[in-house]
Amino acid sequence: MSENRGSKNKYSPVDYETNSSANLCPGCGHALITRALRQAVSELNLPPEKLNVVAGIGCSGKTVAEIKANGIHTLHGCAAPVAMGSQVANPDQEHILISGDGDSWAIGSGKMIALLRTNLDLLYICENNGTYGLTRGQLSPTTKIDSPTRWGMVSDIPPVDGIGIAMVTGATYVARGFSARQELLVEQIKGGILHDGLAYLEVFSPCRTFNDHEGSHHSYKYCQRHAADFPKISVNDIEADYPSDSELEHEFTYEEDGRQFGLEFDNLDEMPEYDPTDLNLALKTWEDYWTEQIIPLGLLYIDESQKAHHERFYSEEDDYIATLEPEETRPSREDFSIILDQFR
Amino acid sequence: MIKNIVIGGEAGQGLKTTAAILGKALFKNGFNLHTSMDFMSRIRGGHNFGRIRFGDEEIRGPQEEIDLLVALNEETITRHVEKLAKDGAVLYDEAVSAVENSIVVPAEEIASEVNPKAVNTVYVGSILKAFGINLDCARSVVEDYFDAESVISDNLKLLNRGYEKGETIFKAPEPKSRTGEQIYLNGNEATALGALAGGINYYSAYPMSPSTGIMSYIAGKQDEMNVVVEQAEDELAAINMAIGASYGGIRTMSGTSGGGLALMNEAIGLAGLTETPLVVANVQRPGPATGLPTRTSQGDLLFAVNSAQGEFPLLITASRNQENAFYQTFRALNLADKYQLPVILMSDQFLADSSTNVPDFELQNLEIERNLIAAEDMGPDEEYRRYEFTEDGISPRAFPGQLKKQTVLADSDEHDEKGHIVEAADKRRRMVDKRARKLDRLIEDDLAEPEYFGPENIDYLLVGWGSTYGPLREAQSRLNEEDIKAGYLSFTDVWPLPTTGLEKLADNEVELIDVENNSQAQFARLIRQETGIEVEHRILKYDGRPFRGEEIFRRITEEVIQ
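Note that the structure is predicted; figures quoted are calculated from it, not measured. (Residues numbered from 1 in each chain as written. Chains lettered and ligands numbered in written order. Predicted model: local features only at pLDDT ≥ 70, side-chain atom pairs only at ≥ 80, totals over all residues.)

Novice: Before we go on, may I ask you to explain the sheet that holds strand S13 (residues 342-348) of chain B in this structure?
Specialist: Note: strands within a sheet are paired through backbone hydrogen bonds, in either parallel or antiparallel orientation. Residue and element names in this part refer to chain B. One open sheet holds the seven strands; their spatial order is S9-S8-S10-S11-S13-S12-S19, and the pairing between them is mixed. A single partner strand is all that each edge strand has here, and the edge strands are strand S9 (228-231) and strand S19 (493-495). Each strand axis lies, on average, 25 degrees off the axis of its neighbour in the sheet, ignoring direction. Note that strand S12 (residues 315-318) and S13 share four bridges and pair parallel. Note that in S13 the partner of Leu315 across the bridge is Val343. (Pairing = 2+ DSSP bridges. Helix = DSSP H or I, 4+ residues; strand = E, 2+ residues; numbered from the N terminus. Axes fitted to C-alpha atoms, helices over the stretch in contact; angles between N-to-C directions.)

Dropping the structure here:
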């Protein structure tokens, strides 16, 4: 990583702050994710008006208040379809969905499956704290069997494996982050925004108030202890961050407002057996870790070859509907009169 | 003169195609007509039928008495023969001894020589022959209806054979009364066309009878009309997608029937609180639960009025007939944008699946009004506020990316002018008042008073809403013919309830008669709630079947006027 990183950026993380508060508890993992998000979008040089943040309901969804961007705070479990509608209206914007484990995988589970199938060009951040924080610490769909709540309640059914479901259902960028690993998270967010398709980023985000106690499988301590490195990525501005004679090979490159970004893996040489573009391998490896209760952090799977959802409606020459003048979006009276012929 | 044809058979016998070809052929011959379908919720078997009423007078709905009964199976005869007119006839593939006029056309046998799948076209030929109507128009309809050359030629052959084998026993009405250019379409098609004319770019829905026709028509026009049709995984998703697309800056619509509207309810509140323009067509069928999926009802009125928890401005408007469905849909889209609120557009299976001829749509007077903020309306250093307080409560609306260097924040939590979550008591109260002022403005400027039909001095006032219009107009005319001084007030906007016209007519001397396709007189209850006016008489029908004009007339003379 070069030292002049970000030197061409017009934006700094401060530009994405608001004077509104999500009123999170001190030490909340979600606040750290918001911080990483601001850092990531500033490094990508994305103006706030180019971002669209669709938020679900819960502590996670409330963080939309602290991000200067376009945004819509939706209904419980329904952020995914709202994001689908707004993404199709204007795929030119960068669409980020912020949800929690309950919002995504309990009330929103049906919506989640439908969304994952579409490969919508969207970064889905699932802020997973293994509990219902805003209703004061009940079991969530991701609560582990051996992980009692602060009130001593124990789940006797297995948790939802969001990462596994995302991989088999059609997400084309699947990553696992941890709110306490900021640098990693910033790169994962940048990669997910640049990725042309559905990026599912599940972030281990401890709830200090209701799920950070001894015995919890969602505490800071537990995650630090069980974390394992997986393919780490970095996403950099090719021109600004590398000398022009650099021989670095980028795994994937992206263009964003005239700038070239490259995504590369930092530690794949340490795991010669792994290939993050191999779905079967990624799944198998993930399931092994899942059984062993290890928390792999990194980019588990990526596939840049699939069509994004909006590419089924728009051709490359098309302008996106919301960017057109209203007159251009509707049929002329002549065209409309032609379709009436069928009824004459 | 008006003639009434009933064609009956099993599901899967091609009844819909037969009715479509025959209806269009009669239309092209210059007749007025009304075609309504009575389907069971099944793909094979059972008993389905279509009624086609045609003639040289205005026709507003179905009728009971049958002139020509076309039986694709024997059950059709046993079920309908008692409604046969005195000089009526039955068309069947063998002689029917119970009736005087029996036209025998061995259709299956005839078709088996050409193309057994096209058996129903034989009937079309014989039906036209029964009225002495020549085949030219039917030929052009067949040519348009089918794609493959061989199918077209088979059908043309069978059309001729049917004509040759049939016999003329009725004098056909003269097709001369229709004026101006006309089109022939059903209620779902009219709604879909209103949406397309209204410039929608997005339609998200989940298939649900009897609303699916709107989605399938629009889906067929996606490329031509620049519309994205999203078949969602359920109605929850459908409406939230529409809200997302509308927030994203494009015109959107969704459509469903009662059960779907129940699932959509929370999100109708989301559109209300986030002030996101949204039009949802609710094509009613009898509920609750699965109810009668392919039949008709006006049972969702009070449910729609009471949509979602909490209080927010909402407009509910009902289409009275196919022509009106087109203009109502267009208007609903404009009003949703103007007042930034949800609009529920009420229709029902009777209107949705019935076809009739209507005057060609007048497009030149239709203006799409998005009511979006213009860039020059923003001061140089002004920060955009999505929920800015204004006198009429309508905040200048922008969508994400529309204004340079501005962001748009919409929130389903109570919020301040910028869209940020607030809980302060005074801010909450001000926001509730702001949203309510929009509705006051709508009532003042845009709420449609009911239309009145009838003489100046009346003893009886019929009140109805939406699709009962046709049968009610017929009933009211019949009453007037019998020297009963009755008028009819036809409501389209039902929530907020326009009260001026009603209060003017409903004086002490006039007896009010509520006519509705439900069992609880929901509209009469709404009238009492909003005006204190008690509608003393109720003509209710809740068997899943539409009213017929003659039936309303008879019931009024039996139950009201003694």
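Having seen the structure, we can now continue with the description.
Novice: Looking at this structure, how should I read the pairing of strand S11 (residues 252-256) of chain A?
Specialist: Regular strands place their side chains on alternate faces of the sheet. Residue and element names in this part refer to chain A. Relative to strand S12 (residues 259-265), S11 runs antiparallel, the two being bridged by five bridges. If you follow Glu255 over to S12, its bridge partner there is Gln260. The hairpin turn running from S11 into S12, its antiparallel successor, is two residues long, and Asp257 in that turn takes a positive phi close to 50 degrees.

Novice: Before we go on, may I ask you to explain the interface of chain B and chain A in this structure?
Specialist: How big an interface is tends to be stated in terms of the accessible area lost upon association of its parts. Contacts between chain B and chain A engage 51 residues on the former and 42 residues on the latter. Secondary-structure elements contributing two or more residues to the side of chain B that touches chain A are strand S7 (182-186), helix H7 (187-197), strand S8 (202-205), helix H9 (222-225), helix H10 (235-247), helix H11 (258-274) and strand S15 (409-411) of chain B. Of all the elements, H10 of chain B adds the most residues to the side of chain B that touches chain A, at nine residues. Classifying every residue of the side of chain B that touches chain A by side-chain character gives 28 nonpolar, 14 polar and nine charged. As paired elements, strand S2 (residues 70-73) of chain A and S15 of chain B share three bridges and run parallel to each other. Looking at S15 of chain B, one finds that Gly71 of chain A is bridged to Leu409 of chain B. (Contact = placed C-beta atoms within 7 Å. Nonpolar A, V, L, I, M, F, W, Y, C, P; charged D, E, K, R; others polar.)

Novice: Sorry if this is basic, but what is going on with the domain arrangement of chain A here?
Specialist: You can read the domains of chain A as domain 1 (13-311) and domain 2 (318-343). Class assignment of the residues belonging to the side of domain 1 of chain A that touches domain 2 of chain A gives a composition of two nonpolar, one polar and one charged. (Domains from an automatic or database assignment.)

Novice: Explain the domain arrangement of chain B to me, please; I cannot follow it from the model alone.
Specialist: Residue and element names in this part refer to chain B. The domains assigned to chain B are domain 1 (2-165), domain 2 (184-359), domain 3 (372-446) and domain 4 (451-560). Relative placement of domain 1 and domain 2: their C-alpha centres are 32 Å apart. Taken residue by residue, the interface counts 12 residues in domain 1 and nine residues in domain 2. Of all the elements in the fold, those that place two or more residues in the side of domain 1 that touches domain 2 are helix H1 (15-28) and strand S2 (32-38). No other element matches S2, which puts six residues into the side of domain 1 that touches domain 2. When its residues are assigned to classes, the side of domain 1 that touches domain 2 shows five nonpolar, six polar and one charged.

Novice: Is there a simple way to think about helix H16 (residues 469-481) of chain B in this case?
Specialist: Turn by turn, an α-helix covers 3.6 residues, leaving residues three or four places apart pointing in a common direction. Residue and element names in this part refer to chain B. Taking 1.5 Å of rise per residue, the 13 residues of H16 would be expected to cover 18 Å, and the 18 Å separating its terminal C-alpha atoms lies within 8% of that figure. Of the positions making up H16, those classed as buried are Tyr469, Gly470, Pro471, Leu472, Arg473, Glu474, Ala475, Gln476 and Leu479. Packing partners of the buried residues in H16 comprise strand S16 (451-453), strand S17 (460-465), strand S18 (486-491), strand S20 (511-516) and helix H19 (549-560). Downstream of H16 by one or two residues, Asp483 has phi in the positive range, about 60 degrees. (Expected span 1.5 Å × (residues − 1). Buried ≥ 20, exposed ≤ 12 C-beta atoms within 10 Å, placed from the backbone.)

Novice: Explain the environment of His309 of chain A to me, please; I cannot follow it from the model alone.
Specialist: Residue and element names in this part refer to chain A. Structurally, His309 can be placed in the loop between strand S13 (295-302) and helix H11 (326-329). His309 gets classed as buried once you count the C-beta atoms within 10 Å, which come to 22. Note: C-alpha distance between His309 and Asp121 (188 residues apart in sequence) is 6.7 Å. Not counting residues within four places of it along the chain, the set of residues in contact with His309 comprises Thr118, Asn119, Leu120 and Asp121.

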